[in-house]
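Geometric and topological summary
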Amino acid sequence: MYGTETSVRPKIWMHEKSRDYVYPKTRKELVVECSLPRGSVGEVRVIYWNRFTGSQKRAQSILMKRYARDSQWDHYMAVIKEEEAIRYLRYYFQWKQDESLAFLSPLGILNEPPKEIYYEYLCTNECDVFHLPQWWQDAVVYQIFPERFKKAQSGLEPVPCEEWGKPPTRENFFGGNLQGITNSIEYLNRLGVTALYLNPIFESPSNHKYDTIDYFKIDPHFGSLDDFKKMLNQCHKSGIRVILDGVFNHIGYYSKQFQDVLKNGKESEFADWFYLPEGKIQTDPLNYECVGYYKWMPKLRFSNPSVRRHCLRVGAYWLELGIDGWRLDVCDEVDFTFWQEFRRMCKKINPNAVLLGETWGDGRQLMQGDQMDSVMNYLFRDAMLDFLANERINASAFTERIGKMYANYPFQSHSGLLNLIGSHDTERFLTAAAGDMDKLKLAAMFQFTFLGVPMIYYGDEHAMEGENDPDCRRTMCWDDQNFDLMEEYRSLIALRKEHSAMRRGAMEFLAAEDRFIAWKRQSDEETLIILANLGQTEQTFQVLLDEKQKFKTAISLIEKRQYAVKGDAEQMIEGSLAAKAFDILLMKEEENE
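**Digging into the confidence of the model for the protein chain**
When pLDDT is averaged along the protein chain, the result is 93, and 97% of the positions lie at 70 or above. Throughout residues 1–9 the model reports pLDDT below 50, and contacts reaching past four residues in sequence, or to other chains, amount to 26 contacts.

Below you can see the structure in the form of structure tokens.
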């Protein structure tokens, strides 16, 4: 049974008057967080008052909830709510250990309430509030690499063009295009997709299109602007939103700007767009700055106002045409002040446009409410590979990794993190799992039941495999579909759409032992318990619910059976789960409800 550690008196607290620990949910709601050594205390409170209209003697107190746990820390949060905008809020922390109290102020840990020196939050401006587009939290995202998804119109193909299904290389082409995507909208609807993320579609000489020639022109191998508008309109009519890939950190070697620099050197009107050497520009050895030392992608200089204006014009142009957001390539390598400007521009055109940043690690600096709405959550993928695909860590270590991941970000952003298990830049999950189909099914279940937005990389629903780039960019397997697996994906998507707790509910781990794990998703409307046995044999379990709410039964949404809820003061669910299997339980307060 999953329990708690023996408590010890903490010597270290983590809280600072910074946006990592105190930030607004709305102008009338303030989130306060702190972190304590794991298992060190029982009850934590934040004590607070307005320094003008209140006093310490008339202070209010609110119990903090532990929302995440990693290998070292327990992470707590509370939401302070007021009838007016929160301003001039003084606060400190109090914890209870056995019968004694201790306190935390800017002076450190104290044996009595602080006097005169407190933490203080001054005010919330409208732009300080993190606003996540509502539709994004409910989205099911499908990533398409356009050159490899579907081939339609004739006459657009690059020459030479490989036969569909042949092995991909870094240089070859297969002729996928926008009309192919348009022709697949019915398929995407049937799957349950609500948003597309398209890898770059602008003019470029490569198959991946990350070396842009012209940001205002659809690549002719993909089609025309009319083809794009047709695809966009058909997607919108079908309830599917479209996110484009914005590659603004760098531009293509064959862009007019860089070609002019190669021709005219320092005399070029675009010389200040790039990071160039003092002398002659060379490609071998490379002596100008590029992304990843790749000569075909010279890095743009965002201290140059002309570069900023150009990229802002690009962002505005496609938003005004109707796209629903941008995925922003290597955004953690771009001047953050540009992203602040870019966000203001995008939200002015479409307040519901989503800005999705590519980062491979901790993206908290991008997620302060002034830059990105979400990030590609590779930390989720890393944990999934180590726990599920490669079995390098057990369930307890997995929950610690996930707890640390969520603690990185403002809590209202958690439901918008893009949870992926593979992309155009990684090996396919099924390949990482050595072809184990059960592990892929479990990974999909984790995606659709975890806090965040699930993303399907095209073909995962048909068990496509592939090593890292370029093999992960194989052509879509239209002639070799796995309909049984696709039906599993459809079922998970349908459950996510039906149950609010799977989309927006709070998440809490309930059990983590070896290869067995359980967690709760709870919204205002319902409570779900998810059970997963990743082991090779059947697993019996006892899961403590730790609920104030009293449940009578648990209805399986997968197996169509019931579990009895035992106990009164401490409720639990007992049962068994087959090897490499999962179940999703809907909790009921009445037996016949």
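**Looking at the pairing of strand β21 (residues 506–513)**
As judged from the seven bridges shared by β21 and strand β22 (residues 516–522), these two strands associate in the antiparallel manner. The residue of β22 that forms the bridge with E513 is F516. Here β21 hands over to β22 after two residues, with D514 in that stretch at a positive phi of 55°.

**So, the environment of E120**
With respect to the helices and strands, E120 occurs in strand β10 (residues 119–121). Relative accessible area serves as the criterion here: at 16%, E120 is assigned to the buried category. Distance from E120 to F516, taken between C-alpha atoms, is 43 Å for residues 396 residues apart in sequence. A polar contact of 2.2 Å, which involves the side chain of E120, links it to the side chain of R51.

**Regarding unusual backbone geometry**
Between D284 and P285 the backbone carries a cis peptide bond, its omega angle lying at 0°. Tracing the chain through its elements places P285 in the loop between α6 (256–264) and α7 (305–321). A cis amide bond, omega 15°, links D469 with the succeeding residue P470. Within the fold, P470 resides in the loop between β20 (453–457) and α13 (483–498). Its identity is not glycine, yet K580 carries a phi of approximately 50°, on the positive side. Tracing the backbone through its elements, the reader meets K580 in the loop between β27 (572–577) and β28 (581–588).

**Regarding the pattern of salt bridges**
Where charged atoms from two side chains of opposite charge approach closely, those side chains can pair. Counted under the stated rule, the structure contains 34 salt bridges. With its nearest N and O atoms 3.1 Å apart, the salt bridge here joins R392 to D386. Residue classification places R392 among the exposed residues on the basis of a relative accessible area of 61%. One salt bridge connects E391 with K439, and the closest N-O pair in it is separated by 2.9 Å.

**Some details on the packing of aromatic side chains**
Considering all chains together, one arrives at 49 aromatic pairs under this definition. Both rings, one in F93 and one in Y119, keep their centres 6.0 Å apart while their planes meet at 65°; by these two values the pair is edge-to-face. Residue F93 is located in strand β7 (residues 89–97), and its partner Y119 is located in strand β10; the two are separated by 26 residues in the primary sequence. Both residues of the pair, F93 and Y119, belong to the buried class. A centroid spacing of 6.3 Å and a plane angle of 90° characterise the contact between F149 and Y458, whose relative ring orientation is edge-to-face. Here Y458 lies in the loop between β20 and α13 and F149 lies in helix α2 (residues 146–149), a separation of 309 residues in the sequence. The same class applies to F149 as to Y458, namely buried.

**Some points on the sheet that holds strand β11 (residues 141–144)**
Strand order in this closed barrel of eight strands is β11-β12-β15-β16-β17-β18-β19-β20, and the pairing throughout is parallel. In the packing of α7 onto the sheet, the strands contacted are β15 (241–246) and β16 (325–328), and the crossing angle to β16 comes to about 140°. In the packing of helix α8 (residues 336–349) onto the sheet, the strands contacted are β16 and β17 (354–357), and the crossing angle to β16 comes to about 165°.

**Points about the environment of P277**
Mapping P277 onto the fold places it in the loop between α6 and α7. P277 sits 30 residues away from V247 along the chain, and the two C-alpha atoms are 23 Å apart. Not counting chain neighbours up to four residues away, the residues in contact with P277 comprise K266, N287 and Y288.

Quick notes on the rules
- Residues numbered from 1 in each chain as written.
- Predicted model: local features only at pLDDT ≥ 70, side-chain atom pairs only at ≥ 80, totals over all residues.
- Heavy atoms only, no water.
- pLDDT = per-residue confidence, 0-100.
- Contact = heavy atoms within 4.5 Å.
- Pairing = 2+ DSSP bridges.
- Helix = DSSP H or I, 4+ residues; strand = E, 2+ residues; numbered from the N terminus.
- Buried < 20%, exposed > 50% of the residue type's maximum accessible area, 1.4 Å probe, protein only.
- Polar contact = N/O pair within 3.5 Å; in protein donor to acceptor, adjacent residues only side chain to side chain.
- Salt bridge = Lys/Arg side-chain N within 4 Å of Asp/Glu carboxyl O.
- Phe/Tyr/Trp six-rings, centres within 6.5 Å; stacked < 30°, edge-to-face > 60°.
- Axes fitted to C-alpha atoms, helices over the stretch in contact; angles between N-to-C directions.

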